[in-house]
Amino acid sequence: MDYNGEDYRFLKIKDAILSINQKVSFVGVILEVGSPKQSKGTDSFCTIKVTDESHTKDGISVNIFAESMEKLPYIVSVGDIILLSHVVMKAHNKQAYALFNKKFSSFALYDGKGGEDFLPYQVSSRFFVRDQDKRIIAAVRKWLLNFQFKEDSKKFLLLREIKDGQRINMACKVFHICEVAKGEWMAFVWDGTDAPPAQISKKLEDEMDHELPLQVEPLPLSRDILCSFPAVGSILRVIIDKGIEKHILHLLKIGKWVKLQNVLCQVDAGLWFGVLTHFTRLRYVPTNDNLIVERQ
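Basis of the calculations
- Residues numbered from 1 in each chain as written.
- Predicted model: local features only at pLDDT ≥ 70, side-chain atom pairs only at ≥ 80, totals over all residues.
- Heavy atoms only, no water.
- Domains from an automatic or database assignment.
- Contact = heavy atoms within 4.5 Å.
- Buried area = accessible area lost by both parts, 1.4 Å probe.
- Salt bridge = Lys/Arg side-chain N within 4 Å of Asp/Glu carboxyl O.
- Core = buried A, V, L, I, M, F, W, Y, C linked by side-chain atoms within 4.5 Å.
- Buried < 20%, exposed > 50% of the residue type's maximum accessible area, 1.4 Å probe, protein only.
- Helix = DSSP H or I, 4+ residues; strand = E, 2+ residues; numbered from the N terminus.

Student: In this structure, what is going on with the domain arrangement of the protein chain? I would like to understand it.
Tutor: Interfaces are often sized by the accessible area lost when the parts come together. Considered domain by domain, the protein chain is made up of domain 1 (10–145) and domain 2 (153–294). Placing the centre of domain 1 and that of domain 2 at their C-alpha centroids yields a distance of 30 Å. The interface is formed by 19 residues belonging to domain 1 together with 16 residues belonging to domain 2. Here domain 1 packs against domain 2, burying approximately 1,500 Å² in sum over the two surfaces, 48% of which is carbon and sulfur. Inspection of the region where domain 1 meets domain 2 yields 2 salt bridges.

Given below as structure tokens:
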């Protein structure tokens with residue numbers, strides 16, 4: 001990607017991280033998305049992680065503040081492109097990050113790889129479109145075609161390795177999503193391995209009056225859905241905490257692989273399930289991702 005000439009205002013991330021306490025502008029691919037939260041004051045905020053060809057190892061965090069949840073970036077897909085203008089570079093524990101200030105910063109969101117439209121699908125109030133933006137977005141999309149983000153496989157556990165009460169990172173395929181009660185959503189995911197046997201502490205004589213359930217959801221899934229599940233490996237039920245479903249559900253696509261960070265694993269009545277909370281984050285999954293290839 002060439003940001004020279006008329007695009008001199010846009011820095012590469014490797015240069016932006018050297019500009020501590022300065023306002024900078026840069027374009028990045030969104031690597032990681034978390035749920036928005038309410039700050040201790042009146043603002044809403046979210047943290048995303050972005051990368052470009054100059055800084056592909058871990059990406060850089062961007063903390064974004066806005067007057068309300070509606071004015072925060074609503075990212076359609078992890079791997080989309082964000083254009084950030086006049087963000088302030090800061091450092092914490094020798095780690096650089098970008099701070100989006102609602103008074104003078106701006107953003108625009110664009111479709112990532114495969115996108116054809118050069119119009120952003122969301123912009124902040126202070127953003128204005130410039131002719132050179134199209135060329136920059138086109139260059140990022142071209143780079144994305146062959147981009148491979150290398151994850152440390154040791155940081156992502158397989159279902160066969162999980163423990164009760166543990167928070168893990170996992171790479172899995174989404175097979176089904178349903179609303180199990182009003183405002184309560186559940187996803188059914190798989191990674192090709194069998195979850196460990198769950199310990200059941202219930203007394204055998206209690207089974208006469210209170211049988212162990214075969215499911216945690218109120219109603220059983222239809223036969224057609226059950227037949228679509230793989231015959232090998234465990235299907236893990238993943239509960240989505242109330243309040244985050246509108247920020248998470250659209251990022252979980254049936255039939256697609258996802259990388260989830262900070263998933264709480266628990267056992268209920270002999271059944272394993274995971275919980276997505278405000279601390280859960282979704283990671284970018286490139287084509288032919290090494291973690292996914294291993295699981296397939």
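Student: Could you clarify how one ought to interpret the nonpolar core in this entry?
Tutor: As a rule of thumb, soluble globular proteins bury nonpolar side chains together. Phe26, Val50, Met170, Leu252, Leu260 and Leu276 are the most contacted members of the largest nonpolar core, which totals 66 residues. In terms of residues, this core owes the most to one element, strand E2 (residues 23–34), which gives 7 residues. Both of domain 1 (10–145) and domain 2 (153–294) provide at least three residues apiece to this core. Contacts of Met170, omitting those with residues within four sequence positions, involve Phe156, Leu157, Leu159, Val189, Leu236, Val258, Lys259, Leu260 and Val263. Ala171, Met186, Trp190 and Ile292 belong to the second largest nonpolar core, which has 11 residues in total.

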